[in-house]
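# Summary of the model geometry
One-letter residues, chain by chain:
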Amino acid sequence: MSSISVNTITDASGGTTTSINGYTPTASNMAGRNRIINGDMRIDQRNAGAASANTINGYFLDRWDVSQITTGKIIAQQNAGSVTPPVGFGNYLGITSQSAYSVISTDRTMITQWIEGFNCADLNWGTANAKTVTLSFWVRSSLTGTFGGAFINYDGNRSYAFSYTVSSANTWEQKSVTVAGDTTGTWNVTNGGGIGIRFGLGVGSNYLGTAGAWSASNFAGVTSQVNLVGTSGATFYITGVQLEEGSVATSFEHRQYGQELALCQRYYFKQVYSQTQTWAYGHTQTTNLARVTTQSPVPMRATPSFSTNATLYAVYAGDSSGSAPMSSLSCIDFTGTNVIIEATVTGVTGFLIAYGYNGSNFYSAEL
Amino acid sequence: MEVTFILRSYEMVSYKIKNTIEMDGTVKEIGVFRSDGWAIPFDPANTDYQEYLKWLAEGNTPEPAEE
């Protein structure tokens, strides 16, 4: 091994486009280059590390959708099995197969992250100027062989299947896939779903394709891939997922915890009431109908869906005499970090303070 | 009980219309309550609303709003 020690490196023309292993420091983003949110699987607002039921079919760790058409085949958990993550990481998403199941043609058991259109618009997919991207990740499985996944657009009619090989069982291995961007198809560039990244864990023939080419299809894996759900107790662990522009898999972009949490909260957050506390202010709109405004940590992607398991009351702000339970709550609009909620209240009028206890409010604007 | 994730359209769900009453007395539909306890706003960018539209397109009918 040798090294160089110089003060200045310039390209042959004297300009500033020198590349190192295909990476150009003056042109390639360093901060913000990873389009994946929670790629290191740190944030788990929904479950705080608890395992899912075997009926899991939706968002699990923040921004990571764990889905199965035929339920009962997998469970998910942050740091399942408590193995040591790869060096530099503290967490991973673990999937464990619950049976020895033979997939049927319509099965699509997979892990997905949808990247919001705003966060991948600059890649110019769907145009002649589509940019090349590189996906990298750390994976560990009890099974070896060829695994599969896919890039997909939100309409589900453009996809690119990819494969990767797990060489050694129960060993962390880093994989990377470089893909020339799709020059056709419709790729959302606003607050809808942009690029989807799928990791297939049990994929039927309807969703399998040949690796390495764009297709007017809805792929989730590659033909003849290993299906985790086929082996009872088989495990699939993943972390350090990064999608970046260019043909080089750079080292994982570690963001600060607060940054990563805020990125996640654009899509989901919860207000936890460990003790009685005020969570919104508002007024009675009409008889028995209140509108209150609460604050989201960051502007959400869309008007969120709302759910609660807390006990919620409203009290007249004038003299705090009497209170009334709030029911039938729903978000009806949002502006910036102001989220407007409508609720049924009976017995109080005027300006209201809303308070809650014994539970949480949940807000979801996931893709 | 923790609410961990949102249902999908291919699961058995039902919806009930949510109305609002504006200050001038106008009544209008502004969302739906889903059977798993989530309130879904009529925002075209909300993916739960998109699932509701698919559910409607499959020929289903929501329950009317409460009076």
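Nothing here was measured: the structure is a model prediction, and the numbers come from that model. Along every chain, residues carry numbers that run from 1 in the direction the sequence is written. Written order decides the labels, with chains lettered from A and ligands numbered from 1. The model is predicted, so local features are restricted to residues of pLDDT at least 70 and side-chain atom pairs to those at 80 or more, both for listing and for counting; the totals for chains, interfaces and linings are taken over all residues. Based on all heavy atoms of the structure, the side-chain values leave hydrogens and waters out of the count.

## A word on the environment of A:Gly126
All names here are of chain A.
- Secondary structure elements follow DSSP: runs of H or I no shorter than four residues count as helices, runs of E no shorter than two count as strands, and numbering proceeds from the N terminus. If you trace the backbone, glycine 126 turns up in the loop between β5 (108–116) and β6 (133–141).
- For glycine 126, a relative accessible area of 25% corresponds to the partly exposed category.
- Setting aside its immediate chain neighbours within four residues, glycine 126 contacts Asp182, Thr183, Thr184, Gly185 and Trp187. Relative accessible area decides the class of each residue, using a 1.4 Å probe on protein chains only: under 20% of the type maximum gives buried, over 50% gives exposed, and in between gives partly exposed. Pairs of residues are marked as contacts when any of their non-hydrogen atoms sit within 4.5 Å.

## Quick word on the domain arrangement of chain A
All names here are of chain A.
- According to the domain assignment, chain A contains domain 1 (58–264) and domain 2 (267–364).
- Counting residues at the interface gives nine residues for domain 1, matched by four residues for domain 2.
- Taking both sides of the interface into account, the surface hidden between domain 1 and domain 2 amounts to around 570 Å²; carbon and sulfur atoms contribute 41%.
- Note on definitions: salt bridges are taken to be side-chain nitrogens of Lys or Arg within 4 Å of carboxyl oxygens of Asp or Glu. At the junction of domain 1 with domain 2, the criterion picks out zero salt bridges.
- Whenever two N or O atoms come within 3.5 Å, that pair is a polar contact, provided that in protein one can donate a hydrogen and the other can accept it, and provided that, for residues adjacent in sequence, both atoms are side-chain atoms. Between domain 1 and domain 2 we count four residue pairs in polar contact (both at pLDDT 80 or more) in total.
- The element best represented in the side of domain 1 that touches domain 2 is helix α1 (residues 257–265), accounting for three residues.
- Looking at the side of domain 1 that touches domain 2 residue by residue, the class counts come to three nonpolar, three polar and three charged. Domain extents, as shown, originate in an automatic or database domain assignment. By convention, the term buried area covers the 1.4 Å-probe accessible surface removed from two parts as they join, with the contributions of both added. Any residue that is not Ala, Val, Leu, Ile, Met, Phe, Trp, Tyr, Cys, Pro, Asp, Glu, Lys or Arg is counted as polar, Gly included; the first ten are nonpolar and the last four charged.

## As for the sheet that holds strand β10 (residues 193–203) of chain A
Residue and element names in this part refer to chain A.
- Here, strands pair whenever DSSP counts at least two bridges between them. Pairing is antiparallel across the open sheet formed by seven strands, whose spatial order is β1-β2-β5-β10-β7-β8-β12. Lying at the two open borders of the sheet, with one neighbouring strand each, are β1 (58–59) and β12 (214–215).
- Both β1 and strand β2 (residues 65–67) contribute to a ladder of two bridges, which runs antiparallel. Looking across to β2, one finds that tyrosine 59 is bridged to aspartate 65.

## Some thoughts on the pattern of salt bridges
All names here are of chain A.
- In the structure shown here, the tally under the stated rule is 20 salt bridges over all chains.
- Between lysine 131 and glutamate 245 there is a salt bridge, and its shortest N-O distance comes to 3.8 Å. Here lysine 131 is found in the loop between β5 and β6, whereas its partner glutamate 245 is found in strand β14 (residues 235–245), with 114 residues between them in sequence.
- A salt bridge links aspartate 182 to arginine 158; its shortest N-O distance comes to 2.8 Å. Of this pair, aspartate 182 sits in the loop between β9 (173–179) and β10 while arginine 158 sits in the loop between β7 (145–153) and β8 (159–166), and the two are 24 residues apart along the sequence.
- Judged by relative accessible area, aspartate 182 falls into the buried class, the value being 2%.
- The exposure class of arginine 158 is buried, given its relative accessible area of 14%.
- Each of Asp40, Arg42, Glu253, Arg255 and Glu260 takes part in a single network of salt bridges with overlapping partners.

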